[in-house]
Amino acid sequence: MSDEGSVPPLVALRGVTKRFGAVVANRAVDLAVRPGEVLALVGENGAGKSTIVNMLSGLLRPDEGSILVDGRPVSLDSPAQSVRAGIGVVHQHFTLVPTLTGLDNIALAMPELGLGRLNRRQIGQAIDTAARTLGLSVDTTSRVEGLDVAQQQRIEIVKALIHKVRLLILDEPTAVLGPEDKAHLFDTIRRLKAEGTAVILITHKLEDIFAVADRAVVLRNGEVVADAPAAGLTPDDVVLHMVGSGDRDQARAIVTGETTLRSSSASGTDAVCRLADVTLRRSNGSIAVSGLSLDLHGGEIVAIAGVDGNGQSELMRVLAGMDVPLGGRIECLGRDSAGSAWTAAHLRRAGVAHVPEDRRRSGIVGEMSLARNYLLRHSDRRALVRHGMVRNSALQRLVRERLALFDVRTRGADERIDQLSGGNQQKFVLAREMDGDPRLILAAHPSRGLDIKTIRFVHGLLEEARQAGKAVLLVSSDLDEILRLADRIMVFAAGRTFGPTSRGDIARDEIGAWIAGHASGPA
Amino acid sequence: MDEALFLSGLLAAGIRLATPIALAAIGETISQRAGVINVGIEGIMLVGAFVAVLVTVSSGSPWAGLAAAILSGAAMGAIHAVFTVRLKAEQIVSGIALLFLGIGLSGYGFRLTLAQGGTAVQVPGFRELDLFGLAGVPIVGPILFGQHALIYLAVIGAALLAFMLSSTRLGLMIKAAGDYPQALDAAGGAVDRVRFLCVMASGAFAAAGGAFLSTAQLWGFVENMTAGRGFLAISCVVFARWNPLGAIVAALGFGIADALQIRMQAGYPGVPYQFFVIAPYVVAIVSLALASRGSRMPAALGTAFSPQR
């Protein structure tokens, strides 16, 4: 137990258990955070981190045990009660209304304003005050849908802190940020800490723990398996606790991500896909990217870096055939964006695999079984569908085989896919998309929200695909991932494109500067 | 001068014919902004029209009739809200049920009560106002100062609603409920309560439109007298892109088309009158086909909200 010290915990969980049906999400969890303390909460996918967040934010109630604030048991039955208890949450999936401005979104979260007329100037001043003490600059006058995720996250943070907050919970805040925005976020966290605010930081990135956290709590299978000061931990220790194996060498291999596959040279191969002077349009009609020219070759990984919301999603949608470019021309595997065959069905048949960024919306159908979800991509295969009838036994056999190969943890091919954790869903999507020998693989944030072990698995797959001569286009906001995998790098920032350039020709901080929208890196 | 008189008469009549549609469209806008589509407003209008006549005849006051109609409309809206908001039923299905419920209730009620005598009852309905004594001013008088009280109230209502949506926190809550209810829930707002009230309000407005039809525009009730005006109101909402003031302008377009076709029937006796009667509906279809491209529909329209807890 870590109850040493004289400062009483601000918020504590005592013996908290939460079940969903037969599944135990949290088992007898003890957790405490003190004023001015930054606590990192880490663990694999499905370890029970989100459940703890949801209980503290009033979205879920514990089945057993109690939540204490200032040593007194409280019941947090609604988000409003959680706010009243001084707990602010920035969820992993932002809870902003896309069609409203930042200011209106913050006003929406201020019930004390009543229902009547909004004094927007006064609210704006309150926002400015809150933002200034945190050293944040926020755009509160644009509609949220036009902002990139870093700006949206700042609005979420200010929204959470507009009330007197004593504990701020950040659920995977760094997953979507570039290096400069990440440094800003850590600054903000340090300022909060200096003011005596407690922070719980949920993260998958080991470096975040050592950058800002005072203490790390590791969860595994819903239980707390380690609770120690960050200063006394090494990355290997954390991984050992997370994975639960005693093998220190294996843990180290996971941390360093050592790989046996070297990048192969893409020399001589014809372009699989050729983009010439392409203009991309956002769904709201504004121009996301213009003048984009890029060739994709077999046997190389091209990565697009940058903060989300700068046209990456639009590029993936267009290449997957879900949209057509506003201007310019794309030729891909013998299809032409100017022709009528530029549809998702045609491109898939030509050999495009797509791992979409929004898995729940364009990757899977949550209410359907794994087998049916598998069929969505492969329904034109004679072995699976004949004369319009699904051949269930063949489908079951194939899906079981693929699930085993990709180590998807499931009760079987007939299980509903929304019963799986996010990491397993992502492995399923990869298992499905890699089937059928695709020639171009579009991978949008393939490892976002996944735990470190699964990330290594995903990276291994992409490297194998490159080795096998496939073209891979990777979109990611994780610079480490890009530097690890990419042969060529391109950056989308502030309506501009930088690169492409070879991985060997560019330094990390130069890419960082590109991501921040500067033409060249700091000297 | 003749042309001016013709235009003045056309506009004045167009405004009168547009009012039931405009009132229903204002209500539908509230409901859809909150995320609930109500295709049953046609039925609610019929109930409103019948109740207004019934209470006006028995009490002698059209205002009492209007109040009763509004209450009945809110009650009909509450039925829709119970099914779609509380019980999370399919909104279109519930709306169609509401439509037939309204047709049946109003027709049955009418035969039980007013139609019993066999002779037409006298309805002491609304009369046009004469604001500031200016209704007699040529050309503009009848248009601006000689309309029914409800018409002015409809314009004021739309303006207030537009103000509420743009400038009050309640408006933000309604827009959040229709666009991204999860955000309203996380902000501590009660999504279902907001939606329930908005659906009731849509019923109240639709019934007021029905009441106008039966106690101001005409003085009496006829079965199925709304003749699709509820559906025209829904198309006004889409055409105006969920903007309440735009919705009454769109309704005015339909009203003028209607007034024009009545005049053209008289002008061209050789042409079968059915060709003219369809004019407002043709306008609706053509305008919808042109307007629906790129329209900004509330993102959560038609979907029930269930929090993840």
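Procedures and definitions
Residues numbered from 1 in each chain as written. Chains lettered and ligands numbered in written order. Predicted model: local features only at pLDDT ≥ 70, side-chain atom pairs only at ≥ 80, totals over all residues. UniProt positions renumbered as here; feature names shortened; annotations may be inferred. Contact = placed C-beta atoms within 7 Å. Helix = DSSP H or I, 4+ residues; strand = E, 2+ residues; numbered from the N terminus. Nonpolar A, V, L, I, M, F, W, Y, C, P; charged D, E, K, R; others polar. Pairing = 2+ DSSP bridges. Axes fitted to C-alpha atoms, helices over the stretch in contact; angles between N-to-C directions. Buried ≥ 20, exposed ≤ 12 C-beta atoms within 10 Å, placed from the backbone. Left-handed = near helix turned anticlockwise from the far one by under 90°.

As annotated in an unreviewed UniProt entry, chain A carries the name ABC transporter ATP-binding protein and comes from Aquibium pacificus. According to its UniProt record, chain A has this under Sequence similarities (unreviewed entry): "Belongs to the ABC transporter superfamily."

K.L.:
Please clarify how the interface of chain A and chain B should be interpreted in this entry.
P.N.:
Note: interface size is frequently given as the accessible area lost on complex formation between the parts. Contacts between the two partners involve 23 residues from chain A, matched on the other side by 18 residues from chain B. Sorting the residues of the side of chain A that touches chain B by element identifies helix 2 (79–84) and helix 3 (102–108) of chain A as the ones contributing at least two each. Taken together, the residues of the side of chain A that touches chain B sort by class into 16 nonpolar, five polar and two charged.

K.L.:
Looking at this model, I keep getting lost on the sheet that holds strand 22 (residues 496–502) of chain A. Mind explaining?
P.N.:
Residues and elements named next belong to chain A. Taken together, the six strands give an open sheet; going across it, the order is 16-19-20-13-21-22, and neighbouring strands pair in mixed fashion. Looking at the sheet topology across the chains shown, the edges are occupied by strand 16 (352–355) and strand 22. Taking the axes of each pair of neighbouring strands and ignoring which way they run, one obtains an average angle of 15° across the sheet.

K.L.:
Looking at this model, I keep getting lost on unusual backbone geometry. Mind explaining?
P.N.:
Residue and element names in this part refer to chain A. Here the amide bond leading from Gly-499 into Pro-500 is cis, since omega sits at 5°, within 30 degrees of zero. Within the secondary structure, Pro-500 sits in strand 22. Positive phi outside glycine occurs at Asp-277, with the angle close to 50°. Relative to the helices and strands, Asp-277 resides in strand 11 (residues 271–281).

K.L.:
For this particular structure, what's the right way to read the sheet that holds strand 1 (residues 11–20) of chain A?
P.N.:
The strands that make up a sheet pair up through hydrogen bonds in the backbone, lying either parallel or antiparallel. Residue and element names in this part refer to chain A. Pairing within the open sheet is antiparallel, and its four strands lie in the order 2-1-4-5. Bordering the open sheet on either side are strand 2 (23–33) and strand 5 (72–74), each of which pairs with just one other strand. Pairwise comparison of adjacent strand axes, ignoring direction, gives a mean angle of 35° for this sheet. By the bridge criterion, seven bridges tie strand 1 to strand 2 in an arrangement that is antiparallel. Across the sheet, Phe-20 pairs through a bridge with Val-23, a residue of strand 2.

K.L.:
Teacher, can you tell me more about the environment of Val385(A) here?
P.N.:
All names here are of chain A. The residue Val-385 is located in strand 17 (residues 385–386) in this model. The partly exposed category is assigned to Val-385, around which 16 C-beta atoms lie within 10 Å. Put simply, Val-385 and Leu-395 are ten residues apart on the chain and 8.8 Å apart in space, counted from C-alpha to C-alpha. Ignoring anything within four residues of it in the chain, the contact list for Val-385 reads Ser-379, Val-390 and Arg-391.

K.L.:
Please explain the packing of helix 2 (residues 41–59) of chain B against helix 3 (residues 62–86) of chain B as it appears in this structure.
P.N.:
Packed helix pairs are characterised by how far apart their axes lie and by the angle those axes make with each other. All names here are of chain B. Direction vectors running N to C along helix 2 and helix 3 enclose 145°, while the axes themselves pass 7 Å from each other. Here helix 2 runs over helix 3; the crossing is right-handed. The residues of helix 3 that touch helix 2, namely those facing Ile-44, Val-47, Gly-48, Val-51, Ala-52, Val-53, Val-55, Thr-56 and Ser-59, are Pro-62, Ala-64, Gly-65, Leu-66, Ala-68, Ala-69, Ser-72, Gly-73, Met-76 and Gly-77. Its residues assigned to classes, the contact of helix 2 with helix 3 comprises twelve nonpolar, seven polar and no charged.

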